[in-house]
Amino acid sequence: MIDRTQIVYELLTASSPLSTAVGTRVYSPVAPRSWDNTAKTIIFHQDGGDAHLTAAHNSANFIFKCYGGSNLYSDARDVFGLLYDRLQMASETVTSGTVVTARLISDDQLEPEPDTKYKSHIARFQIVFNHS
Amino acid sequence: MAGSHSVKFNDKTADAIRYVSKLTGDTLIDYTETTTSVTKKYAPVRKKRGGNHRRSINWKKSASNVGGTITGTKIFSTSNYGAYLEFGTSKMAARPHFSKAIREVAKEFQKKSKWSK
């Protein structure tokens, strides 16, 4: 059984304009206690998934929350832009597995978080993986 | 031999559209009510004095056609923190209940459908 969260992590932290911006600040399902939104960050988790009956593929929806490392919403949206460029139609093999394709389902601005007041941009992607 | 033919077209298209429209609208309401109820079932509830978010989950008509048949519905909560429960925050893990209910009920309705394999 493949570890889809690990595959997504490896994809997002592999060399790209996105990884230049967020580095290894890609967390799932929540940020570490010490994290304080002073640098661009992505926090993601899986939301549902299924396997194809005949093809050797399975797919899952992932929710990504993009934080800009500041109190400006535009910075959070910039991180989303980089995420979109990295994931949309991605077809790539990383150490833990292969992403066959990915597509954006929806994205939106989130109200500031009630506990931290951090601003973020949220996106839902469907990602298709190879079984092995 | 001379003759004439008269063809009378008994147009029932409008009736058929009304029938299908009603059937679709009824199914949509059934689907929405079921999904709302399942969402409430999965909604996270705090142990002490909890249940505010669960109670606030409801649905409403969001679109209808000229005949008045419902063509769109919306499931929502008025607790003001439903999105944070559903998607989590940077410090709090998500507790998906809307999306979980939608997936579950959609599968159930797909099975019930006459046209699905």
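Data block above holds the structure.
A. Representation of the interface of chain B and chain A. The interface of chain B with chain A comprises twelve residues on the first partner and 22 residues on the second. Taking both partners together, chain B and chain A bury about 1,300 Å²; carbon and sulfur atoms supply 57% of that area. Residues D47 of chain A and R103 of chain B are paired through a salt bridge, measuring 3.6 Å at the closest nitrogen-oxygen approach. Our count for the contact surface shared by chain B and chain A stands at twelve residue pairs in polar contact (both at pLDDT 80 or more). Mapped onto the side of chain B that touches chain A, the elements with two or more residues apiece are α3 (82–87) and α4 (98–112) of chain B. Of the residues belonging to the side of chain B that touches chain A, the class tally is six nonpolar, four polar and two charged.

B. Summary view of the sheet that holds strand β3 (residues 57–67) of chain A. All names here are of chain A. The six strands are arranged β1-β2-β3-β6-β5-β4 in an open sheet whose pairing can be described as mixed. One side of each edge strand has no neighbouring strand; the edge strands of this open sheet are β1 (26–27) and β4 (92–94). Note that β1 and strand β2 (residues 41–51) share two bridges and pair parallel. Note that in β2 the partner of V26 across the bridge is I42.

C. Structural view of the environment of R95 of chain B. Residue and element names in this part refer to chain B. Here R95 is to be found in the loop between α3 and α4. Once the C-alpha coordinates of R95 and T27 are considered, the two residues, 68 residues apart in sequence, prove to be 28 Å apart. Look past the residues within four positions of R95 in its chain and what remains in contact with it is P44, L85 and E86. Looking at R95, its side chain comes within polar contact range of the main-chain oxygen of A93, at 3.4 Å.

D. Focus on α4 of chain B. All names here are of chain B. Between the first and last C-alpha of α4 there are 21 Å, a value that for 15 residues agrees with the 21 Å anticipated at 1.5 Å per step. Of all the positions in α4, only F98, S99, A101, V105 and F109 are classed as buried. In an axial view of α4, the angular spread of the buried residues amounts to 150°, which keeps them on one side of the axis. Along α4, exposed side chains directed more than 90 degrees from the buried face belong to K107, Q110 and K111.

E. A look at the packing of aromatic side chains. Considering all chains together, one arrives at nine aromatic pairs over all chains under this definition. Relative to Y118 of chain A, the ring of W35 of chain A has its centre 5.4 Å away and its plane inclined at 85°; by these criteria the two rings are edge-to-face. Linking W35 of chain A in the loop between β1 and β2 with Y118 of chain A in the loop between β5 (97–110) and β6 (120–130), this pair joins segments that are 83 residues apart in sequence. For W35 of chain A, a relative accessible area of 8% corresponds to the buried category. Ring centres 6.4 Å apart and planes at 50° place the aromatic pair F80 of chain A and Y84 of chain A in the tilted group. With F80 of chain A and Y84 of chain A both in helix α3 (residues 73–87), this residue pair falls four residues apart, about one helical turn. Using a relative accessible area of 10% as the deciding quantity, one classes F80 of chain A as buried. Three or more aromatic residues link up through ring pairs in this structure, and these residues are F44, F62, F64, F125 and F129 of chain A. If you follow K60 of chain B out to its NZ or CZ, it ends over the ring of F76 of chain B, 5.7 Å from the centre. Between the NZ or CZ atom of K100 of chain B and the centre of the ring of Y42 of chain B, over which it lies, the distance is 4.2 Å.

Conventions used here
Residues numbered from 1 in each chain as written. Chains lettered and ligands numbered in written order. Predicted model: local features only at pLDDT ≥ 70, side-chain atom pairs only at ≥ 80, totals over all residues. Heavy atoms only, no water. Contact = heavy atoms within 4.5 Å. Buried area = accessible area lost by both parts, 1.4 Å probe. Salt bridge = Lys/Arg side-chain N within 4 Å of Asp/Glu carboxyl O. Polar contact = N/O pair within 3.5 Å; in protein donor to acceptor, adjacent residues only side chain to side chain. Helix = DSSP H or I, 4+ residues; strand = E, 2+ residues; numbered from the N terminus. Nonpolar A, V, L, I, M, F, W, Y, C, P; charged D, E, K, R; others polar. Pairing = 2+ DSSP bridges. Expected span 1.5 Å × (residues − 1). Buried < 20%, exposed > 50% of the residue type's maximum accessible area, 1.4 Å probe, protein only. Arc of directions from axis to C-beta. Phe/Tyr/Trp six-rings, centres within 6.5 Å; stacked < 30°, edge-to-face > 60°. Lys NZ or Arg CZ within 6 Å of the ring centre and 35° of its normal.

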